Amino acid sequence: MSPDQIAAVIMMGLLLLMVIGGIHLAFALFFLALAFGLIFQGPVIFTMSMLKIFGTMESEILIAVPLFVFMGTILEKSEVAEGVYQSLYELFGPVRGGLAFATVITCTIFASCTGVIAATVTTMTLLAVPSMLKRNYDKGLATGVVCAGGSLGILIPPSVMLVMYGPMANLSVAQLFAAALFPGILLSVLYLLYIGLGSWLKPAMAPAIREEERSVKGAQLWLRAAKQMVPSLILILAVLGSIIAGVASPTEASGVGAFAAMLIAAAYRKLSYSNLKEAAYTTLIVTGMVFFIIIGASVFNSVFLYLGGGALIKSLLMGLPLGKWFVLFVMMFVLFILGFFISWQGLLYVVVPIFLPVAASLGFNPLWFGLLICLNLQMSFLTPPFAYAIFFVKGASPPEVRTMDIYRGVIPFVLLQAVAVFLCIVFPEIILWLPRTTLGAG
């Protein structure tokens, strides 16, 4: 190992220590990039940083990030999720685990209308967790369902993660959206199967509600549930339908989605000045945080690669025994472990660019490999200590819910996410079939 490569290893180690120590990821990236750049490259690091920042920010596809965030925030204000959940709550409630079923299905529908998880997880915590606890659901199951179901929003399109991954990996975001649809549905189905099996084996874990708690029954109940889903389906068709059909680019579709969300909010009489102001403010905060990490990571990676860190890691991975599948396992395992300590944005822009050349050298399909990465990164939302979904659920849950209850509840769902990754490796058509048939992806 050369002195430069030793410096690159130290650089990555210091990043992990700074993040664990509580320093914001964006500032840690900038500081280390400039410090090591000055030492090994000199003042030219400042010019290089400006060029990298400009090159990153001129990407047109990144315009979709604030628009999808705004769309999700406006949709949260419109209270669409409340209507969908209430209908599904009465529809599935008389079945063991019915409230958990309703929660996962509502989260899946809502995930298809938003690109971020904060709105979904917070809303569903306020709606579903008190209802389940009131009916003596296991606290771990009640909170774990919301954590896992709410996190689907970062994978099921329109996903901000996929929008950010596309330009970084030189992949079409439209193809990524098409590729992510079936893996997202697969996760939702695995969650439903776990709930059904768990409530059958342990009826006390997820008891059914009383029949008299239904306000309507029979065909009227099904009709009301279908009616409540119409706004969400319109938004899904407006965004995903236009992208997969090739009518609009993801950037154009994000604008259509933001406008459609405002129309839905107006129909629900929730399009007030205060709601618009709050949605714009939330969008500004989330987008600012994301873009600071993006540009910080781009400068950090430039210095890291200049020092030979990427070549070192590639040589280490390519030198592993047991062939390319073992190398893939090591990369997935490293991402999973780092997800305990670093946010998905940091992993996406710091670690993934180092793995992409390795995957290309091994001959892996880039679209398939990209979705495996995104499936893996979704687990970081449920793995403490830096698990966003757990933070959101804890903050919005009733006081009797302890953090340890949530930790216990998310473990089965993390294992199910790992099962989904395994299934997508064994059966790659889960990822590749839809983009291949609709968009002609390889």
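Everything in this summary refers to the structure shown in the same document. Computed from a predicted model, the values in this text were never measured in an experiment. (Residues numbered from 1 in each chain as written. Predicted model: local features only at pLDDT ≥ 70, side-chain atom pairs only at ≥ 80, totals over all residues. Heavy atoms only, no water.)

## Examining the packing of helix H17 (residues 366-378) against helix H19 (residues 403-426)
Axis separation between H17 and H19 bottoms out at 9 Å; the angle between their running directions is 170°. Considering the angle they form, H17 stands roughly antiparallel to H19. Residues Trp368, Leu372, Leu375, Asn376 and Gln378 of H17 pack against Gln417, Ala420, Val421, Cys424 and Ile425 of H19. Looking at the contact of H17 with H19 residue by residue, the class counts come to seven nonpolar, three polar and no charged. (Axes fitted to C-alpha atoms, helices over the stretch in contact; angles between N-to-C directions. Helix = DSSP H or I, 4+ residues; strand = E, 2+ residues; numbered from the N terminus. Parallel < 35°, antiparallel > 145°, perpendicular 65-115°, else oblique. Contact = heavy atoms within 4.5 Å. Nonpolar A, V, L, I, M, F, W, Y, C, P; charged D, E, K, R; others polar.)

## Considering the pattern of salt bridges
Within this structure, the stated rule accounts for five salt bridges. One salt bridge in this structure joins Asp138 and Arg408, with 3.2 Å as the shortest N-O distance. Of this pair, Asp138 sits in the loop between helix H7 (118-134) and helix H8 (139-150) while Arg408 sits in helix H19, placing them 270 residues apart in sequence. Classification of Asp138 by relative accessible area gives partly exposed; the value is 26%. The salt bridge involving Asp405 is made with Arg402; its shortest N-O contact spans 3.2 Å. Salt bridges sharing partners connect three or more residues here, namely Asp138, Arg402, Asp405 and Arg408. (Salt bridge = Lys/Arg side-chain N within 4 Å of Asp/Glu carboxyl O. Buried < 20%, exposed > 50% of the residue type's maximum accessible area, 1.4 Å probe, protein only.)

## Quick notes on helix H14 (residues 309-318)
Considered for burial, the residues of H14 that qualify are Gly309, Gly310, Leu312 and Leu317. When H14 is viewed along its axis, its buried side chains cluster within an angular range of 160° and face the same direction. Each element contacted by the buried residues of H14 is listed here: helix H1 (3-20), helix H13 (273-306), helix H15 (324-338) and helix H16 (344-361). (Arc of directions from axis to C-beta.)

Structural measurements only, silent on function.
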